[in-house]
Amino acid sequence: ESTLGAAAAQSGRYFGTAIASGKLGDSQYTSIAGREFDMVTAENEMKIDATEPNRGQFNFSQGDRVYNWAVQNGKRVRGHTLAWHNQQPGWMQALSGGSLRQAMIDHINGVMNHYKGKIYAWDVVNEAYADGNSGGRRDSNLQRTGNDWIEVAFRTARAADPAAKLCYNDYNIDNWSWAKTQGVYNMVRDFKARGVPIDCVGLQSHFNSNSPYNSNYRTTIQSFAALGVDVQITELDIQGGSATTYANVVNDCLAVPRCTGISVWGVRDSDSWLGANASALLFDGNGNKKAAYTAVLNAL
Ligand code: XIL
């Protein structure tokens, strides 16, 4: 196959990218993204601050630009993200307790209702676990509303759009030996045991020298899948852009039937949230395919 999306489709998977609405006027960007990828995540445009800048006043202008570009170009869309401690609008940052809990519920309903039936999978909750060795929750205004906030978010989401897969998404849950990975694994196991609706786990997979790819990544994917959820690699980038590491990631996903797709977090190195010098993506700043691109294509 000659594109990432077509190559991934040979095994029933997708290959996606983050898309920024502000770059849709860049013809090199849209021509690469249009050609290579078959799943789109809005890099920022469906986040809480973008979609509900004032309480109860929703704004889907930028989210819809990304959504419409994707669909007009034959791509599906992952929704990102509904409940998160980051990129909250000021009004939400100022809330706590019962009013914050209600605002979270109202936000999930408002955004999911707008995109009802149109989203492949939603990152319902993003980054709720703590880094380090605790294996516990991250402190945040949402966490301080009560430990049940995550399951409330998932139950709300299921009712709002029963057609969307509902994912828990996080970083540094790639390495099976890390406490954070085990904490999320135990939450998903508990949710499945108690019938809390969850369909997928998103491994962001931002790999760098502090959080390097480890060969136990395949064990992580297999272990989550064995709980009865899909696994998606949702925000892949690899600092330094090692072709070998990119191929390892693809091979690990392909080894697990329930690993349903891979998305990279941007198109060209110059589009990366890490900066162009990180060389973390599959195309260079001139839009040329890198060695990592060829390694991924050959592995798919
Ligand atoms: C990043 C975007 O790429 C940046 O443009 C923005 O300034 C900050 O957020 N984990 C996530 C993504 O879930 O939403 C983040 O995206 C990267 C880390």
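Just so it is clear, the structure is predicted and the values come from calculations on it, not from any experiment.

A. Geometry of the UniProt feature "active site" (unreviewed entry) in the protein. Sites flagged by UniProt as "active site" (unreviewed entry) map to Glu235. Note that Glu235 resides in strand S8 (residues 230-238). Among residues more than four places away in sequence, those in contact with Glu235 are His80, Asn169, Leu203, Gln204, Ser205, His206, Ser263 and Trp265. Separated by 2.7 Å, the side chains of Glu235 and His206 make a polar contact.

B. Representation of the state of the cysteines in the model. The final tally for this structure, using the stated rule, is 2 disulfides. Two residues, Cys167 and Cys200, share a disulfide whose sulfurs are 2.0 Å apart. For the disulfide bridge between Cys167 and Cys200, the dihedral angle about the S-S bond is near -90°, and by the sign convention the bridge is left-handed. Taken together, the positions of Cys167 in strand S5 (residues 165-170) and Cys200 in strand S6 (residues 200-203) put the pair 33 residues apart, joining distant regions of the chain. We classify Cys200 as buried; its relative accessible area is 0%. One disulfide in the model links Cys253 with Cys259; its S-S distance is 2.1 Å. Around the S-S axis, the bridge from Cys253 to Cys259 shows a dihedral of about -105° and counts as left-handed. Owing to a relative accessible area of 0%, Cys253 belongs among the buried residues under this scheme. Assessed through its relative accessible area of 0%, Cys259 is described here as buried. Counting only the cysteines that take part in disulfides, in the order they occur along the protein, gives the pairing 1-2, 3-4.

Definitions and cut-offs
- Residues numbered from 1 in each chain as written.
- Predicted model: local features only at pLDDT ≥ 70, side-chain atom pairs only at ≥ 80, totals over all residues.
- Heavy atoms only, no water.
- UniProt positions renumbered as here; feature names shortened; annotations may be inferred.
- Helix = DSSP H or I, 4+ residues; strand = E, 2+ residues; numbered from the N terminus.
- Contact = heavy atoms within 4.5 Å.
- Polar contact = N/O pair within 3.5 Å; in protein donor to acceptor, adjacent residues only side chain to side chain.
- Disulfide = S-S within 2.5 Å.
- Buried < 20%, exposed > 50% of the residue type's maximum accessible area, 1.4 Å probe, protein only.

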